[in-house]
Amino acid sequence: MAAFQLPLPVLFYDGRAMRFEIVTIFPEFFDGPFRHGVLSRALETRIVEIGLHDLRAFTHDRHKTVDDRPFGGGEGMVLKAQPIFDAVEGLGIAEKNHRDLKRESVVLLSAQGERFTQKAAQELASLEHVVLICGRYEGVDERVNNLLCDREHSIGDYVLSGGELGAAVIVDAVTRLLPGVLGNADSARFESFGQADASLPSLDEGLPRSMHGSGGLLDYPHYTRPAEFRGVAVPDVLAGGDHAAIRRWRRERQLEKTLRNRPDLLRDAELTKEDREFLESLKTQG
Ligand code: SAM
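Criteria and cut-off values
Residues numbered from 1 in each chain as written. Predicted model: local features only at pLDDT ≥ 70, side-chain atom pairs only at ≥ 80, totals over all residues. Heavy atoms only, no water. Helix = DSSP H or I, 4+ residues; strand = E, 2+ residues; numbered from the N terminus. Contact = heavy atoms within 4.5 Å. Areas by Shrake-Rupley, 256 points an atom, 1.4 Å probe, with all protein chains shown as cover. Near = heavy atom within 4 Å. Nonpolar A, V, L, I, M, F, W, Y, C, P; charged D, E, K, R; others polar. Buried < 20%, exposed > 50% of the residue type's maximum accessible area, 1.4 Å probe, protein only. Polar contact = N/O pair within 3.5 Å; in protein donor to acceptor, adjacent residues only side chain to side chain. Salt bridge = Lys/Arg side-chain N within 4 Å of Asp/Glu carboxyl O. Phe/Tyr/Trp six-rings, centres within 6.5 Å; stacked < 30°, edge-to-face > 60°. Axes fitted to C-alpha atoms, helices over the stretch in contact; angles between N-to-C directions. Parallel < 35°, antiparallel > 145°, perpendicular 65-115°, else oblique. Left-handed = near helix turned anticlockwise from the far one by under 90°. Expected span 1.5 Å × (residues − 1). Pairing = 2+ DSSP bridges. Right-handed = clockwise from strand over helix to strand, strands pointing away.

(A) Quick peek at the overall build of the protein chain. Counting its regular elements, the protein chain contains eight helices and 10 strands. Intrachain contacts of the protein chain at a sequence separation of at least 6 include 75% that bridge at least 24 residues. Total accessible area on the protein chain stands at roughly 16100 Å², and carbon and sulfur atoms take up 51% of it.

In structure tokens form, the structure reads like this:
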């Protein structure tokens with residue numbers, strides 16, 4: 001069992017740590033993704049811990065065999081159940097039938113899984129211990145899914161060659177939601193797929209981000225200096241200092257972008273009467 005090693009363990013976070021365990025045939029794959037930016041800081045401050053577990057260490061033959069041919073014939077090889085069970089059962093996770101799903105979860109990365117969304121990231125961020133099982137080849141013996149895992153997640157409608165990229169995506173998306181990880185806790189609310197405020201703040205209140213939390217919409221466009229770049233100027237409203245106008249502009253751009261790129265999100269988004277009227281006006285403009 002290899003724990004992820006960091007050169008500088010700095011301890012100044014006094015909250016709970018969340019722990020991920022990644023079961024993989026390529027533990028060294030994760031050297032890159034976890035060593036940069038937000039994730040590496042979360043590891044340094046011990047807000048999150050990651051255990052990497054090399055599946056081959058749980059085999060019992062001298063060739064360290066993790067795969068075998070599929071029953072019924074067909075292409076490729078399938079990851080065997082036994083090394084995965086042995087790896088997970090040594091991690092202090094309860095058996096599936098006795099698992100406290102408010103505290104821990106065992107997730108299979110799979111193209112056939114339920115789509116991993118921001119909502120799923122929020123659910124996982126409320127847990128203490130999450131195991132991520134990375135498939136390879138044609139996939140994983142289905143008894144792993146049936147008997148060991150309580151979630152099966154896909155990170156999108158395409159087929160990857162292994163679950164490692166998916167595991168890194170999940171660790172990243174979940175970690176940035178943990179208290180103390182982002183410098184500004186509100187960042188995770190005022191971004192794409194973020195939650196709406198319980199009640200709309202007054203238009204004069206606080207920083208001019210949007211009319212309220214994103215409420216499941218895509219984020220609004222961002223600009224920084226210079227005010228003009230290659231002949232394109234930053235929208236006047238953003239330089240004008242009128243906070244209510246900036247909020248309104250941002251909300252309208254969120255609605256516009258979501259309608260254009262992800263109209264499916266509008267179905268469940270939290271929309272005001274003004275939002276709906278604005279969307280209708282966009283649709284009639286064509
Ligand atoms: N035969 C499988 C199928 O058609 O669904 C694809 C197996 S894929 C080549 C090998 C492994 O990559 C899977 O077991 C899974 O762990 C991972 N994988 C592939 N696509 C994925 C996706 N969209 N999301 C998460 N994991 C994926």
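(B) Spotlight on the site of the ligand. As a structural note, the neighbourhood of the ligand is formed by 19 residues, with Leu109, Gln112, Glu138, Tyr158 and Leu160 the closest of them. The fraction of the free accessible surface of the ligand (580 Å²) that becomes covered by protein chains is 85%. Elements that contribute at least two residues to the shell around the ligand include exactly β6 (104-115) and β8 (151-154). The dominant element in the shell around the ligand, judged by the number of residues it contributes, is β6, at four residues. Considering only residue class, the shell around the ligand consists of seven nonpolar, 10 polar and two charged.

(C) The arrangement of the side chain of threonine 258 in detail. When you line up the elements, threonine 258 lands in helix α7 (residues 243-261). On the accessibility criterion, threonine 258 (0% relative accessible area) is buried. Here leucine 218 takes part through its backbone nitrogen, which lies 3.0 Å from a polar atom of the side chain of threonine 258. Contacts of threonine 258, omitting those with residues within four sequence positions, involve Leu217, Leu218, Pro263, Leu265 and Leu266.

(D) Geometry of the pattern of salt bridges. Enumeration over the complete set of coordinates arrives at 16 salt bridges. Salt-bridge contacts for arginine 103 lead to glutamate 104; the nearest nitrogen and oxygen are separated by 3.1 Å. Judged by its relative accessible area of 1%, glutamate 104 is buried. Note that glutamate 128 is salt-bridged to arginine 103, the shortest N-O span being 3.3 Å. Within this pair, whereas glutamate 128 is found in the loop between α3 (118-125) and β7 (129-133), its partner arginine 103 is found in the loop between α2 (81-89) and β6, the two being separated by 25 residues in sequence. Linked through salt bridges whose partners overlap, the residues forming this network are Arg19, Glu21 and Glu49.

(E) Highlighting the packing of aromatic side chains. Scanning all chains against the criterion turns up two aromatic pairs. Ring geometry for phenylalanine 29 against phenylalanine 30: centres 5.2 Å apart, planes inclined by 70°, an arrangement best described as edge-to-face. Ring plane angle 25° and centroid distance 5.4 Å describe the contact between phenylalanine 30 and phenylalanine 34, whose orientation is recorded as stacked. Each of the two residues, phenylalanine 30 as well as phenylalanine 34, counts as buried. Aromatic rings pair up to connect Phe29, Phe30 and Phe34 into one cluster.

(F) A look at the packing of α7 against helix α8 (residues 273-285). At a minimum axis distance of 10 Å, the contact between α7 and α8 shows a crossing angle of 50°. When the axis of α7 is compared with that of α8, the two are oblique. In this structure, α7 meets α8 at a crossing whose hand is right-handed. Judged by residue contacts, Arg251, Glu252, Arg253, Leu255, Glu256 and Leu259 of α7 engage Asp275, Phe278, Leu279, Leu282 and Lys283 from α8. Along the lines of polarity and charge, the residues of the contact of α7 with α8 split into five nonpolar, no polar and six charged.

(G) Seen up close, helix α5 (residues 164-175). Between its first and last C-alpha, α5 extends 16 Å over 12 residues, near the 16 Å set by a 1.5 Å rise per residue. Burial analysis of α5 places nine of its 12 residues in the buried class, the great majority of the element. Residues of α5 that are buried: Glu164, Gly166, Ala167, Ala168, Ile170, Val171, Ala173, Val174 and Thr175.

(H) Structural context of the pairing of strand β3 (residues 48-54). Within β3, five of the seven residues are buried, which leaves the element mostly enclosed by the surrounding structure. Pairing geometry for strand β2 (residues 18-24) and β3, over seven bridges, is parallel. Residue pairing for β3: glutamate 21 is matched across the bridge by glycine 51. Traced from β2 through helix α1 (residues 37-44) to β3, the parallel crossover comes out right-handed.

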